[in-house]
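Tertiary structure, described
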Amino acid sequence: LVDNIEDTEREGEGDPPSGTRMEQFGGSGMTGLEGDRTHGQDVRTANVMACSAIANVVKSSLGPVGLDKMLVDNIGDTTVTNDGATILNLLEVDHPAGKVLVELAQLQDKEVGDGTTSVVILAAELLKRANELVGMKIHPTSIISGFRLAQKEAIRFINDKMSTKTEKLGREALMNAAKTSMSSKILNIDSDFFAALAVDSVLHVKTTNATGEARYPVKAINILKAHGRGSRESRLIKGYGLNCVRASQAMPTVVNNAKIALIDYDLRKFKMSMGVQVVVTDPTKLQAIRDREEDIMKERIELMIKAGANVILTTKGIDDMCLKYFVEAGAIACRRVKKDDMRRIAKVTGGSIQLSLAGMDGDESFDPSLLGQADKVYEDRVGDNEMLVIEGCASHKSCSILLRGANEYTLDEMERALHDAMCVVKRVLESGSVVPGGGAVEAALSIYLDNFATTLSSREQMAIAEFSEALLVIPKTLAVNAACDATELVAKLRADHNFAQSDPAKYKDRANSGLNLVSGAIQDSLQAGVIEPSMSKCKMLGFATEAAITILRIDDMVKAAPKQEEPG
């Protein structure tokens, strides 16, 4: 295709008009292949419009006074949220450039856990500005190198000038970072209570890796949801909680010094596999076959109990006959445990999931070293349901948060908000530095990059100046969503940071100026406790720039038409 296009250009015909059929390029090996080709400015404009449309969907949900979105899927399931990644996941985006932004939000959610809305808005704004520069006859390569340079300088400025080490701030820094993350979510009203919950849960699961570094695995925190009571009735459980009940009421409710068997097969009366037939020639042997079927299962259960298992969790079913043996042994058995929960329990208790009892020689055995260990396993009643709690896990520390709320939508949104807050606390603890929030970093970077751009005498100057302007989209959107005068507030904010950078000794107190969106004024974000992990800002700038560059590089789109079947 490329060779054929080059041949066409050499012949002096120039680029074919946008949207031409690919039959024009039907040279060797491509005869009969149909499709549309769009190229040049048309592709860029289409991509920018698609990205702007997606960014406009999440724009109004940014900030502590952002609005929620209600998303209804094709089967009528409703989700009410203002989490950027969740909104974009639920949107069915068909445009290829739009999909890049959706993946961008997912990446930010996976890497940092917060800042998903900001990263999408910034990427769309960078694209829009870059497209304007292309319209001014500046080559995309110059814009890309300018954006890369601006990103590198911005991250260096954040690390050198804006970030504050958390050792100086202590637990209060963790609380404030969690509160800042929750400020735009449903938990904003009770942010003190839930911030403490998030900080305590993350600190509880602290582990140390082989190199001696502290790690805080958020996956070790299980979030359980139960209808009823108020959100302030939510609590932290120091153990791994499961939304499961004992398979029989005759089983004990508490088992101390628990040995946990994690199995992934049926504990029901043994049946022949599909397609296996037993031909009975002697009717008197029929009962013996039935008895043997029962004995096979009995022997398997005895193997487990002899190995010391007193808590049995299975992803499949347990029938009444098998329950009888567990009740007699005084063990707790649970059926239909989720695979995800099983994997987590295996990790925190030091056990292994068993898929079969069959050994290498073909005989059946149960290895006691595969059992997970915990100090205590007990059943706890919550509202109308019961849950199983595994306490004092041997391998890793784990904990659960039990959320209470009025309905399913509230509980789901509470879970998303709490997960974001826990990720932020984890990042603050692991990276050890925070930056002021409320648009402070973006405004400071805007002033710094403006000044930096004037020191360059190359083409990148204009790209860096546009990059600095694009950063202001965050404070502007924050102010607009809070029903404040965005132009005036952002002008004041920029003036403060200009003073702080031009004369740091005299205006040192203005270096952390950010927006107070409740009163509609400028405040010192660090003193007000509006802080974010510096890693969050660095990743946001990096990801947004990469996404903008990826889409900006595209100048040709060839879309093959689906093959038409010829009528027989």
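Residues numbered from 1 in each chain as written. Predicted model: local features only at pLDDT ≥ 70, side-chain atom pairs only at ≥ 80, totals over all residues. Heavy atoms only, no water.

**Side note on the domain arrangement of the protein chain**
Put simply, the test is: The split of the chain into domains comes from an automatic or database domain assignment.
Once the domains are mapped, the protein chain shows domain 1 (36-165 + 436-560) and domain 2 (235-403). Relative to domain 2, the C-alpha centre of domain 1 lies at a distance of 51 Å.

**Considerations on the nonpolar core**
Generally speaking, soluble globular proteins have nonpolar side chains that are buried together. The cut-off we apply is this: What is meant by a nonpolar core is a set of buried Ala, Val, Leu, Ile, Met, Phe, Trp, Tyr and Cys residues, joined one to another through side-chain atoms within 4.5 Å. Think of it in three bands: with a 1.4 Å probe and only protein chains considered, a residue is buried below 20% of the maximum accessible area for its type, exposed above 50%, and partly exposed in between. Contact between two residues is taken to exist if any of their heavy atoms lie within 4.5 Å; hydrogens are not considered.
In this structure, Val120, Ile143 and Leu449 are the most contacted members of the largest nonpolar core, which totals 70 residues. Not counting the four nearest positions on each side in its chain, Leu449 is found in contact with Ala150, Glu153, Ala154, Ile464, Phe467, Ser468 and Leu471. Counting 33 residues, the second largest nonpolar core, distinct from the first, contains Val199, Ile223, Ala421 and Met422.

**Thoughts on the sheet that holds strand S9 (residues 235-237)**
Our working rule: A pair of strands is considered paired only if DSSP assigns at least 2 bridges between the two. Segments assigned H or I by DSSP are reported as helices when at least four residues long, segments assigned E as strands when at least two residues long, and all are numbered from the N terminus. Working convention: axes come from line fits to C-alpha atoms, limited for helices to the stretch in contact. Angles between N-to-C directions cover 0 to 180 degrees.
Spatial ordering of the open sheet is given by S8-S17-S9, a layout of three strands whose pairing is mixed. What marks the edges here is a single partner per strand, and that holds for strand S8 (221-227) and S9. Ignoring strand direction, the axes of neighbouring strands in this sheet form an average angle of 25 degrees. Here seven bridges tie S8 to strand S17 (residues 399-405), and the two strands are oriented parallel to one another. Of the residues in S17, the one forming a bridge with Leu224 is Leu402. Contacts from helix H12 (residues 408-431) reach S8 and S17, with the element oriented near 160 degrees to S8.

**Overview of the packing of helix H4 (residues 96-111) against helix H5 (residues 116-135)**
Each pair of packed helices can be described by the angle between their axes along with the distance between the axes. Our working rule: Helix crossings get a hand from a simple test, with the near helix turned counterclockwise from the far one by less than a right angle marking a left-handed crossing and a clockwise turn marking a right-handed one. Put simply, Ala, Val, Leu, Ile, Met, Phe, Trp, Tyr, Cys and Pro go in the nonpolar bin, Asp, Glu, Lys and Arg in the charged bin, and everything else, Gly too, in the polar bin.
It is at 9 Å that the axes of H4 and H5 come closest, and there the two elements cross at 145 degrees. In the packing of H4 onto H5, the handedness of the crossing is right-handed. Between H4 and H5, the contacting residues are Leu101, Leu104, Ala105, Gln108 and Asp109 on the first element and Thr116, Val119, Val120 and Ala123 on the second. A breakdown of the residues in the contact of H4 with H5 according to their chemical character gives six nonpolar, two polar and one charged.

**Side note on a negative patch on the surface**
Heads up, the rule is: In this analysis, a patch consists of residues with relative accessible area above 30% that form no salt bridge, clustered at 9 Å for like charges and at 5 Å for the nonpolar side chains Val, Leu, Ile, Met, Phe, Trp and Tyr. The accessible surface values rely on the Shrake-Rupley method and a 1.4 Å probe; as for residues, cover is taken only from the protein chains in view. A carboxyl oxygen of Asp or Glu within 4 Å of a side-chain nitrogen of Lys or Arg is what we treat as a salt bridge. Neither His nor the chain ends is counted toward charge; the positive residues are Lys and Arg and the negative residues Asp and Glu. By convention, the charge on Lys lies at NZ, on Arg at CZ, on Asp at CG and on Glu at CD.
Residues Asp73, Asp77, Glu92, Asp94 and Glu408 make up a contiguous surface patch of negative charge. Locating Asp73 in the fold gives a position in the loop between strand S3 (69-72) and strand S4 (78-81).

**Focus on a nonpolar patch on the surface**
Taken together, the side chains of Val278, Val280, Leu286 and Ile289 present a nonpolar region at the surface, about 280 Å² in accessible area. Tracing the backbone shows Val278 in the loop between strand S11 (254-263) and helix H9 (286-306). Of the residues examined, Val278 reaches a relative accessible area of 45% and is grouped as partly exposed.

**Quick word on the packing of aromatic side chains**
What counts is decided by this rule: Stacked, tilted and edge-to-face pairs are distinguished by plane angle, under 30 degrees for stacked and over 60 for edge-to-face with tilted covering the rest, among Phe, Tyr and Trp rings (Trp via its six-membered ring) whose centres lie within 6.5 Å.
Scanning all chains against the criterion turns up four aromatic pairs. Arranged with centres 4.5 Å apart and planes meeting at 20 degrees, the rings of Phe157 and Tyr448 form a pair that is stacked. Pair noted here: Phe157 is in helix H6 (residues 140-162) and Tyr448 is in helix H13 (residues 440-454), with a separation of 291 residues, a long-range link. Neither Phe157 nor Tyr448 differs from the other in exposure class; each is buried. For the pair Tyr448 and Phe452, a centre-to-centre distance of 6.4 Å together with 15 degrees between the ring planes defines the contact as stacked. You can see Tyr448 and its partner Phe452 sitting in helix H13, four residues apart, about one turn around the helix. The burial state of Tyr448 is the same as that of Phe452; both residues are buried. Put simply, the rings of Phe157, Tyr448 and Phe452 touch in pairs and so form one group of aromatic residues.

**Some thoughts on the pattern of salt bridges**
With the rule as written, the count across this model stands at 28 salt bridges. Through salt bridges with shared partners, one network takes in Glu213, Arg215, Lys426, Arg427 and Glu430.

**Structural notes on the sheet that holds strand S5 (residues 164-165)**
Within a sheet, each strand pairs with its neighbour through backbone hydrogen bonds, oriented either parallel or antiparallel. One open sheet holds the three strands; their spatial order is S5-S18-S21, and the pairing between them is antiparallel. The two strands at the open ends of the sheet, each matched to only one other strand, are S5 and strand S21 (531-533). Sheet topology places S5 next to strand S18 (residues 433-436); two bridges connect them, and they run antiparallel. Considered in S18, the bridge of Lys165 is made with Ser433. Relative to S21, helix H18 (residues 534-552) is tilted by about 65 degrees, and along the sheet it contacts S18 and S21.

**Quick look at a positive patch on the surface**
The grouping of Lys110, Lys219, Arg343 and Lys347 at the surface amounts to a positive patch. When you line up the elements, Lys347 lands in helix H11 (residues 339-349). When its relative accessible area of 58% is taken as the criterion, Lys347 is described as exposed.

**Topic: the packing of H9 against helix H10 (residues 320-329)**
The condition that has to hold: Each angle receives one of four descriptions, namely roughly parallel if under 35 degrees, roughly antiparallel if over 145, roughly perpendicular if within 65 to 115, and oblique otherwise.
Relative orientation of the contacting elements H9 and H10 amounts to 30 degrees, with a least axis distance of 10 Å. In terms of their interaxial angle, H9 and H10 are classed as roughly parallel. Crossing of H9 against H10: the hand is right-handed. Side by side, H9 and H10 meet where Glu294, Met297, Lys298, Ile301 and Ile305 of the first sit next to Met321, Cys322, Tyr325, Phe326 and Ala329 of the second.

**A short note on H18**
So the rule is basically this: Multiplying one less than the number of residues by 1.5 Å gives the expected span of a helix.
In this model, H18 (19 residues) spans 27 Å end to end at C-alpha, consistent with the 27 Å of a helix rising 1.5 Å per residue. Burial analysis of H18 places 15 of its 19 residues in the buried class, which makes it a mostly covered element.

**Remarks on unusual backbone geometry**
A positive phi angle is found at Lys137, which is not glycine, with a value near 65 degrees. Looking at the element boundaries, Lys137 is found in the loop between H5 and H6. You can call Lys137 exposed: its relative accessible area is 76%. Its identity is not glycine, yet Arg336 carries a phi of approximately 55 degrees, on the positive side. Of note, Arg336 is situated in the loop between strand S13 (332-334) and H11.

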